[in-house]
Amino acid sequence: MGIVHFLLKRKLLVGLSMVLIFFIGLYATTQLDQELMPPITFDGASVYIDAGDMTTLDVEQLVTEPIEQVLQSIDGVKSFQSSTSVGTSSITIEMEEGLGEEITKEVELALNGLKPQLTGVDDIIVTPFSMNGTYEFYLDISQGNNDEMTEFARDVLEPRLESLPEVSDVLLVGMEEREILIELKMDKLNEFAVEPSQVISAIQNANSDLALGTLSDEEDEPTIRWNTSIHNVEDINAMRVPTMDGVKQISELASVTEQVTENSSGVWKNGSRDFILVQVARVSDHTQVQMAEAVRSEIALIKKEGLVSNFELNEIVAQADYVSDSIDGVTQNVLLGGILAIIILLLFLRNIRATIIVGLAIPISILLTFTAMWYFDYSFNMLSLIGLGLGIGMMVDASIVILESIYSKKENGMPNRKAVTTGVREVASAVLASMLTTIVVFLPIGLLGGEVGQFMIVLSVVIIITLVSSVVVSFTLIPTLAESFLKVRKKNKVQKEGKVLTKYVQFLQWMLRKKRARYSIILLFFVIFIGSLALITRVPMTVMPDVFNRYSEVAVVLESGVTPKEREEIAMQMNEQLATITDIKNTIIMDDVSSIYAIVNMTSAEDATMDQKEVNEQILSSLRELESAYPITSVNSAMSGGAGSPVSIVIQGEQLDKLTELSESMITELEKVDGLVGFSTSIEKKLKEERIILNEQNIDDDGLTTVQILSSIEHLFMKTQVTEITGDDLVTKNVVAVTDKESAKKEDVLANKILTQNGEEKELSEYISFEMIEAPTQIDHNDGERYVTVMADLEKIDLGTANREIEEVLNDFDVPSGYTISMGGDLEAQQDAMQEMMMILGIALFLVYVVMAVQFNSLVHPFIVMSIIPMTVTGVIIGLFLTQMELSIMSAMGIVMLIGIVLNNAILLLDRTKQLRLEGYSISDAIIDAGKTRMRPIFMTTLTTVGGMLPLAIATGVASNYQAPLAIVVISGLIFATFITLILIPAVYYLFEDLAIGLRRLFKRQKGKSNTIKIEG
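Every value quoted in this text rests on a predicted model; they were computed, and no experiment measured them.

Reading the values: the criteria
- Residues numbered from 1 in each chain as written.
- Predicted model: local features only at pLDDT ≥ 70, side-chain atom pairs only at ≥ 80, totals over all residues.
- Heavy atoms only, no water.
- Helix = DSSP H or I, 4+ residues; strand = E, 2+ residues; numbered from the N terminus.
- Contact = heavy atoms within 4.5 Å.
- Areas by Shrake-Rupley, 256 points an atom, 1.4 Å probe, with all protein chains shown as cover.
- Lys, Arg positive; Asp, Glu negative; His and termini not counted.
- Charge placed at Lys NZ, Arg CZ, Asp CG, Glu CD.
- Buried < 20%, exposed > 50% of the residue type's maximum accessible area, 1.4 Å probe, protein only.
- 1 Å grid on protein atoms, 1.4 Å probe; cavity = no way out; pocket = protein on both sides within 12 Å on 5 of 7 lines; lining within 4 Å.
- Points joined across faces, edges and corners; volume = space filled by probe spheres on them.
- Nonpolar A, V, L, I, M, F, W, Y, C, P; charged D, E, K, R; others polar.
- Pairing = 2+ DSSP bridges.
- Axes fitted to C-alpha atoms, helices over the stretch in contact; angles between N-to-C directions.
- Patch = residues over 30% accessible without salt bridge, like charges linked within 9 Å, V, L, I, M, F, W, Y side chains within 5 Å.
- Salt bridge = Lys/Arg side-chain N within 4 Å of Asp/Glu carboxyl O.
- Phe/Tyr/Trp six-rings, centres within 6.5 Å; stacked < 30°, edge-to-face > 60°.
- Lys NZ or Arg CZ within 6 Å of the ring centre and 35° of its normal.
- Core = buried A, V, L, I, M, F, W, Y, C linked by side-chain atoms within 4.5 Å.
- Polar contact = N/O pair within 3.5 Å; in protein donor to acceptor, adjacent residues only side chain to side chain.

Visitor: What is the right way to read the overall build of the protein chain from this model?
Guide: A count of helical and extended segments in the protein chain gives 31 helices and 30 strands. Viewed in the frame of its principal axes, the protein chain has a C-alpha envelope of about 130 × 80 × 60 Å. The long-range share in the protein chain, meaning contacts at least 24 apart out of those at least 6 apart in sequence, stands at 78%. Summed over its atoms, the accessible surface of the protein chain is roughly 47,700 Å², and 54% of this surface lies on carbon and sulfur atoms. In the protein chain, 76 side chains carry a positive charge and 134 a negative one; their mean positions are 26 Å apart.

Visitor: For this particular structure, what's the right way to read unusual backbone geometry?
Guide: Leaving glycine aside, a negative phi is the common case for residues, and trans is the common case for peptide bonds. With a phi angle near 60 degrees, Gln143 is a residue other than glycine that sits in the positive phi range. With respect to the secondary-structure elements, Gln143 resides in the loop between strand S5 (135-142) and helix H5 (146-162).

Visitor: Is there a simple way to think about the environment of Thr726 in this case?
Guide: Summarising the element assignment, Thr726 is placed in strand S23 (residues 719-726). With a relative accessible area of 37%, Thr726 lands in the partly exposed category. With 260 residues separating them along the chain, Thr726 and Thr466 place their C-alpha atoms 60 Å apart.

Visitor: What is the right way to read empty space enclosed by the protein from this model?
Guide: Unoccupied space between atoms shows up once a probe the size of one water molecule is rolled over them. Taken as a whole and judged by the stated rule, the model has four cavities of 30 Å³ or more. Taken together, 16 residues form the lining of the largest cavity, with Asp397, Ala398, Val431, Ser434 and Asn904 sitting closest to its centre. Elements represented by at least two residues in the lining of the largest cavity include exactly helix H14 (397-411), helix H15 (416-440), helix H16 (450-484) and helix H29 (889-918). The element contributing the most residues to the lining of the largest cavity is H15, with five residues. For the lining of the largest cavity, the per-class residue count stands at nine nonpolar, six polar and one charged.

Visitor: Explain the sheet that holds strand S13 (residues 267-269) here, please?
Guide: Across a sheet, strands are paired by hydrogen bonds formed along the backbone, either parallel or antiparallel in direction. The strand order across the open sheet formed by five strands is S13-S17-S18-S16-S19, and the pairing between neighbours is antiparallel. Each of the sheet's edge strands pairs with one partner strand only, and the pair in question is S13 and strand S19 (632-637). Across the sheet, the axes of successive neighbouring strands diverge by a mean angle of 15 degrees, strand direction being ignored. Across seven bridges, the pairing between strand S17 (residues 584-591) and strand S18 (residues 595-602) is antiparallel. Bridging across to S18, Ile584 finds its partner in Met602. Sheet contacts for helix H20 (residues 612-624): strand S16 (551-558), S17, S18 and S19; angle to S16, the most-contacted strand, approximately 20 degrees.

Visitor: Would you take a moment to explain a positive patch on the surface for this structure?
Guide: Among the surface-exposed residues, Lys515, Arg1000, Arg1001 and Lys1004 lie close enough to one another that they form a single positively charged patch. Structurally, the position occupied by Arg1001 is in helix H31 (residues 960-1016). Judged by its relative accessible area of 55%, Arg1001 is exposed.

Visitor: Mind showing me how you'd approach the packing of aromatic side chains here?
Guide: Given two aromatic rings, their pairing is described by the distance between the two centres and the angle made by the two planes. Counted by the stated rule, this structure contains eight aromatic pairs. Pairing Tyr375 with Phe376 gives two aromatic rings, centres 5.3 Å apart and planes at 80 degrees, and the pair type is edge-to-face. Between Arg353 and the ring centre of Phe485, over which it is positioned, the NZ or CZ distance is 4.8 Å. The positively charged end of Arg518 is found above the aromatic ring belonging to Tyr519, 5.9 Å away from the centroid.

Visitor: Help me understand a negative patch on the surface, please; the structure alone is not making it clear to me.
Guide: Taken together, Asp217, Glu218, Glu219, Asp220 and Glu221 make up a surface patch of like negative charges. In this fold, Glu221 is placed in the loop between strand S8 (209-214) and strand S9 (223-227).

Visitor: Mind showing me how you'd approach the environment of Ala926 here?
Guide: Checked against the element boundaries, Ala926 lands in helix H30 (residues 923-953). Look at Ala926 and you get buried, because its relative accessible area is 0%. Spatially, the C-alpha atoms of Ala926 and Ser89 are 73 Å apart, while their sequence positions differ by 837 residues. Aside from chain neighbours lying at most four places away, what touches Ala926 is Thr913, Leu916, Arg917 and Tyr921.

Visitor: Quick question: what am I supposed to make of the nonpolar core here?
Guide: Side chains of nonpolar character tend, in soluble globular proteins, to be buried together. Grouped together as the largest cluster of nonpolar side chains are 169 residues, with contacts concentrated most on Ile141, Val280, Val295, Leu403, Met897 and Leu903. Here the element with the most residues in this core is H29; it accounts for 17 residues. Residues contacting Val295, with those up to four places away along its chain left out, are Phe137, Leu161, Leu164, Val167 and Val280.

Visitor: Hey, could you run me through the side chain of Gln652 in this one?
Guide: With respect to the element layout, Gln652 can be found in strand S20 (residues 647-652). We classify Gln652 as buried; its relative accessible area is 13%. Beyond its immediate stretch of four places on either side in the chain, Gln652 contacts Leu659, Asn782, Glu785, Arg786, Tyr787, Gly818, Tyr819 and Thr820.

Visitor: I keep staring at the sheet that holds strand S14 (residues 275-282) and nothing clicks. Help me out?
Guide: One open sheet accounts for four strands, arranged S6-S14-S5-S15; its pairing is antiparallel. At either margin of the open sheet sits one strand with a lone partner, and together these are strand S6 (167-173) and strand S15 (312-318). Sheet twist, expressed as the average angle between the axes of neighbouring strands with direction ignored, equals 20 degrees. Strands in contact with H5 are S5, S6, S14 and S15; relative to S6, the strand with the most contacts, it is inclined by about 170 degrees. Along the sheet, helix H10 (residues 288-304) contacts S5, S6, S14 and S15; its crossing angle with S5, the most-contacted strand, is approximately 20 degrees.

Visitor: Would you mind showing me how to read the side chain of Thr64 here?
Guide: With respect to the helices and strands, Thr64 occurs in helix H3 (residues 56-72). Taking relative accessible area as the criterion, Thr64 reaches 0% and is therefore assigned buried. A polar atom in the side chain of Thr64 sits 2.9 Å from the side chain of Ser89. Those residues within four positions of Thr64 in sequence are excluded, and the remaining contacts are Val59, Ser82, Thr84, Ser89 and His781.

This is the structure in structure tokens:
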């Protein structure tokens, strides 16, 4: 080992390098941002189309389908799903990875060009998917006069907060928004032969403020300005409109009043709406913590200036607190894990100097990791710290193996320098191979698609950085310190074997003595492995675990056409339902017209009487009780990105009637599955429509046209946005025009009169009648083809169990030709994720095999080492079953990582066995001696890894649901595999030797027969 000789002669270089790493690492620590999750990019966009009052079927045919045809022609669009309802169409587009921004611009350009060709479309909005713009800091203004609170929020708080560089937007909810209502007197308009459009045009034209030109020959070249801006009700009343009977003021033709907007103040706190909710969003290049610090500082300054008086300004919730809590929790677990690892070292080595040497390797490796994270522009987040926590246990593995090897050589009486070089040389190849096998298992993680894949890459890279850092330190710092600083108590003394080691050697001697014994051991482990597979169905499963931060957001999706009064009633009922749950501290309910959102703050973890998972289930189940009594479409967690119900079955086909029939049959079958509740379909809600039937004979007889009839009816339901004005109080207000004719009932419409050609007034009932029909409120498309989603929720059943039960239902379901049925939602995501993880696992195993084949220069020896993997899976299954931790993407990542870890011990054992065979040892002696010399480092590396991860496994708090399953997988699999390594690897090694001996004998026998035939010939 030339590099070791060089470093031993240049210890000052090593020392100064460690000092440099120390200071750079400390600096890097101060530069790393703090955030809950790493920033990721989304390759997709949403398209929202406003189509006025068009029916669902008309929007589908005239708007959605033409847009879908355009999307199909755009390269880079992978897939799209549309949802069409009354007056709107929304389309979600998935794009090729890395092309999101480019394709979004192309989509926007194409749809803007298509817009003039689409009938009835008012607006098309294309929004790229992004993590920016979400509101992460909430305040409330309460306990005061509404006008004063509104003035403070609008004139002080909003502009002050939006001026902060960390803040991108401030949204105020709950203020009284006012509008000016112009109620047209239809009798007067008819009397003066004035159309409503004339009044509206007069107001729009009059409300102007514009520069007409410049007087260039005058001094200072003044601008000529025309200003007839409207500021209040009096200005509108005084405006004049030309009629057949002369110019009339609007006050003669309409009633103009100022009133509170129908949709204002749609927010409640614990059932009360006497407050203003303030929501703050951050800019993308600042973290939640930075934004929270800036906002809190500004609020403190506002209060110091005395601007908060006669009312209260309080903080409700800040995502930054959850970030800090999760990072602090994981950091404590990492530190505790490091301390446990050092204690375990001290107990094993019983040498304080040796423990200090390895103990120094931990902080140096961590600081080197921080330096690399800073270089790669990573941040302190939940995943990177979990990766660091998992790496803590493995961080000392290489150092322990190298130090233990040097320590053994010193115990045998070797001189210091020779003990270091010999000890390092003996284990160097095994340490490097172990590091490479652990690293290569993470290389295929990049194949995991979607946002989950981006998260896992962060975790993998941090673990790889940690391992590489620890190996660099183990080959530099450990030998340098071990030469002089490491002291052994007694040299050349024959070490007495302990009871455990003696029993282990006796077991190996018994097992290796007879084929029947070692083959029985292999068969026993095979039976244990097969038996453990039966426990898989008892292990809970999910896609990604929840973040338990004692906070939840729920979206209650409403049917279309729900009135403000009905929405308020639903909001009050939601508050009553949530008030019955003991662990809820306060609730904010927001009316977003099409949906109602609930922000739920729970009691702190110290005061909690239930786990957050149980609280979340109670929140959803209590709100779903309202579905039968109120026009509610669905109740879902808003924190899962709008993923919807956990169970989704997609039925795809053309005919809506057949899709409806199939969805109803599917619900009947799914109701038989225990644990599935809250069944619904995307098409079950029907909208009642009154179709107008024309009496064309009467229309012709009275000299009218269908256009006149249509115009007369349209005036009854008119609510037109006329203009916007800036009031005397400098607040922007909408000006809205309606008619004074009643139109709430069919009778009101039919009783309205229209002027015929001969001047006679007749009721509309002479020319029209109504026919009741039902129309779908929503029609969904997947890549242009209609589909219906059957949805259900889970109750006291995990996603994995539901998946298996539903698969049986789908396999037995009779699907007609031209229709397909598949899983969607979380079920589909779980299946896709597991398939990708299985592919990643297969590639990882192959790469591990390649590394070991090169290491051992053998195609056979890697199979001996890899025989431990099935038993590792057994340990994982038993660990998850006993703890009832969920098998998710996070725990699957633990399995992938475990492959690299458990092979390290097997490589150590086999590498030493191979060295002894080359020195002339017999097979049995080589195996026994390798077991004796490698038993201590194997147990030390295992227990330090387990000790490092134990705090993660038993942790509680925000990040616990991410940490614990991953740590449980590694701990249970590693403990089980370690004991198996010392027993199974020797048996499998001897099995391959038996096979080799058998093949050689067979080859010699065949060769002997061939020679005999030649002699006889």
